[in-house]
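A structural walkthrough
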Amino acid sequence: MQEIDTEIKDLIAKVIEKEPDEIDPNARFAEDLGVDSMMALEILAAIEKKYKITIPEEKLMQFTTLNETVKIAKEFLDKKDA
Amino acid sequence: MLEKKVAIVTGGTRGIGREIVLMLAREGADVAFTYLKSGQEAEKLVNEVKGLGRRCLGVAVDVRDFEKAKEFIEKVKNELDGLDILINNAGITKDKAIMLTAKEDWRDVIDTNLGGVYNMTRNAIITFLKQKSGNIVNMTSISGIIGMARQTNYAASKAGVIGFTKSLAREVSAYNIRVNAVAPGFIDTDMTAGLVEKYKGEIEKSIPLGRLGTVTDVAQAVRFLLSDSADFITGQVIIVDGGLSLQL
């Protein structure tokens, strides 16, 4: 697991008030972890703040699992570095 | 009071909206406003606001258009560096007896007065949620509270705005976003000019405070809702009607 994966996992854990170990990378946010749309937005906002990136709100619907979230964050981090 | 804040006012070039734009600028906010047709008035107002030392954007936006509302909000955030206040003011009337109210008369009024509130708010709310602060004031009307003959479309739209205001206030309260509404009665503006000319004496007699309202009366209520003095107030409708609705 890369550093960014762990960082985002910690960040999500904080927003949804769970222990990082409780979050399986492929667990579905809504169905398995009880993440609602407002929590998803908080996750997005926390990622934007931490990495100083802007993720369009349309991407919010794709925040479905930890793995998907990391993928999107990386995509926009790469764009920032490019 | 509002230094370093960025505010949007829809329907900003005339009447109540114009006065709110100027009030915000006097209070120190940078202001962006929309207008539909009044390009010349818009230019004049932009200069007036700039003369007060504030930044100002006036953009032609039909609030019925969701995508245009979205583009406008992005432009404001980019050019004025943020967004803190949304005043949903744009509104139209097409007063007719119900039997003469055409489908277009119904749709135009509902889509502008109620749909416009959705279009702007939906596109601004994520910014407010993310920053965990925001202040929304929606202009409704006593027509939406007590009803007015020949205004089924307008009254329905304005009653809708009240339901919208209360529901949204509940939904976003945890994010430090307040949502309130102001309900003017008879205010001396272009919108009421025809009516007022015809029935001025009667209207004034029916208002307990004995006069028509001014745009300043309404802007002051908005100013209060945006101030720290209203920090514990959300989901409310402030009626600014000189007591008119008391009698009914």
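Just above, that's the structure.
A brief look at the structure comes next. (Residues numbered from 1 in each chain as written. Chains lettered and ligands numbered in written order. Predicted model: local features only at pLDDT ≥ 70, side-chain atom pairs only at ≥ 80, totals over all residues. Heavy atoms only, no water.)

**Remarks on the side chain of Asp30 of chain B**
All names here are of chain B. For clarity, the cut-off: Starting at the N terminus, helices and strands are each numbered in turn, a helix being any DSSP run of H or I of at least four residues and a strand any DSSP run of E of at least two. Think of a polar contact as two N or O atoms within 3.5 Å of one another; within protein, one of them needs to be a possible hydrogen donor and the other a possible acceptor, and neighboring residues in sequence only count if both atoms come from side chains. Between two residues, a contact is recorded if the distance between any of their heavy atoms is within 4.5 Å.
In this structure, Asp30 sits in strand β2 (residues 30–35). Polar contacts involving the side chain of Asp30 include one to the main-chain amide nitrogen of Arg55, which spans 2.8 Å. Discounting chain neighbours no more than four positions away, the residues touching Asp30 are Lys5, Val6, Ala7, Arg54, Arg55 and Leu80.

**Some words on the packing of helix α1 (residues 15–26) of chain B against helix α2 (residues 39–51) of chain B**
Residue and element names in this part refer to chain B. Operational definition: Between N-to-C directions, angles cover 0 to 180 degrees, with each direction set by a line fitted to C-alpha atoms, over the stretch in contact for helices. Throughout, the term roughly parallel applies to angles under 35 degrees, roughly antiparallel to angles over 145, roughly perpendicular to angles from 65 to 115, and oblique to all others. Crossing handedness: left-handed means the near helix sits turned counterclockwise from the far one by under a right angle, and right-handed means the same turn made clockwise.
Look at α1 against α2: their axes get within 9 Å of each other, and the N-to-C directions meet at 20°. With respect to α2, the axis of α1 lies roughly parallel. Read as a crossing pair, α1 and α2 show a hand that is right-handed. In this structure, α1 contributes Arg18, Val21, Leu22 and Ala25 to the contact, and α2 contributes Leu45, Glu48 and Val49.

**Let's talk about the pairing of strand β1 (residues 6–9) of chain B**
Along a regular strand, successive side chains alternate from one face of the sheet to the other. Residues and elements named next belong to chain B. Put simply, the rule reads: For every residue, the accessible area obtained with a 1.4 Å probe (protein chains only) is divided by the maximum for its type, and the residue is called buried under 20%, exposed over 50%, and partly exposed between those limits. When DSSP locates at least two bridges between a pair of strands, those strands are taken to pair. Looking down the strands as they point away from the viewer, one classifies a crossover as right-handed if the path from the first strand across the helix to the second runs clockwise.
Side chains Val6 and Ile8 project from β1 onto one buried face, and the interleaved Ala7 and Val9 project onto a second face that is buried too. Relative to β2, β1 is paired through four bridges, and the arrangement is parallel. Its bridge partner lying in β2, Ala7 is registered against Val31. Handedness of the β-α-β unit built from β1, α1 and β2 comes out right-handed. Sheet topology places β1 next to strand β4 (residues 85–88); three bridges connect them, and they run parallel. Counted as the bridge partner of Ile8 is Leu86 from β4.

**What to know about the sheet that holds strand β6 (residues 177–184) of chain B**
All names here are of chain B. Strand order in the open sheet formed by seven strands is β3-β2-β1-β4-β5-β6-β7, and the pairing between neighbours is parallel. Across the chains shown, the open sheet's two edge strands, defined by having one partner strand only, are β3 (56–60) and β7 (237–240). If you compare each strand with its neighbour and ignore which way they point, the axes differ by 15° on average. Those strands touched by helix α6 (residues 152–172) are β5 (134–139), β6 and β7, and its axis lies near 160° from that of β6. Contacts from helix α8 (residues 215–226) reach β4, β5, β6 and β7, with the element oriented near 165° to β6.

**With respect to the interface of chain A and chain B**
Formally: Buried area: the sum, over both parts, of the accessible surface (1.4 Å probe) that disappears when the two are put together. A pair is scored as a salt bridge if a Lys or Arg side-chain nitrogen falls within 4 Å of a carboxyl oxygen belonging to Asp or Glu.
With nine residues of chain A at the contact, the number on the chain B side is nine residues. A combined buried area of about 820 Å² lies between chain A and chain B, and 57% of that area is made up of carbon and sulfur atoms. Taken as a group, Met38, Leu41 and Glu57 of chain A account for 62% of the area that chain A buries against chain B, more than any other trio of residues on that side. Between Arg122 of chain B and Glu57 of chain A there is a salt bridge; the shortest N-O distance is 3.1 Å. Summed over the shared surface of chain A and chain B, the number is five residue pairs in polar contact (both at pLDDT 80 or more).

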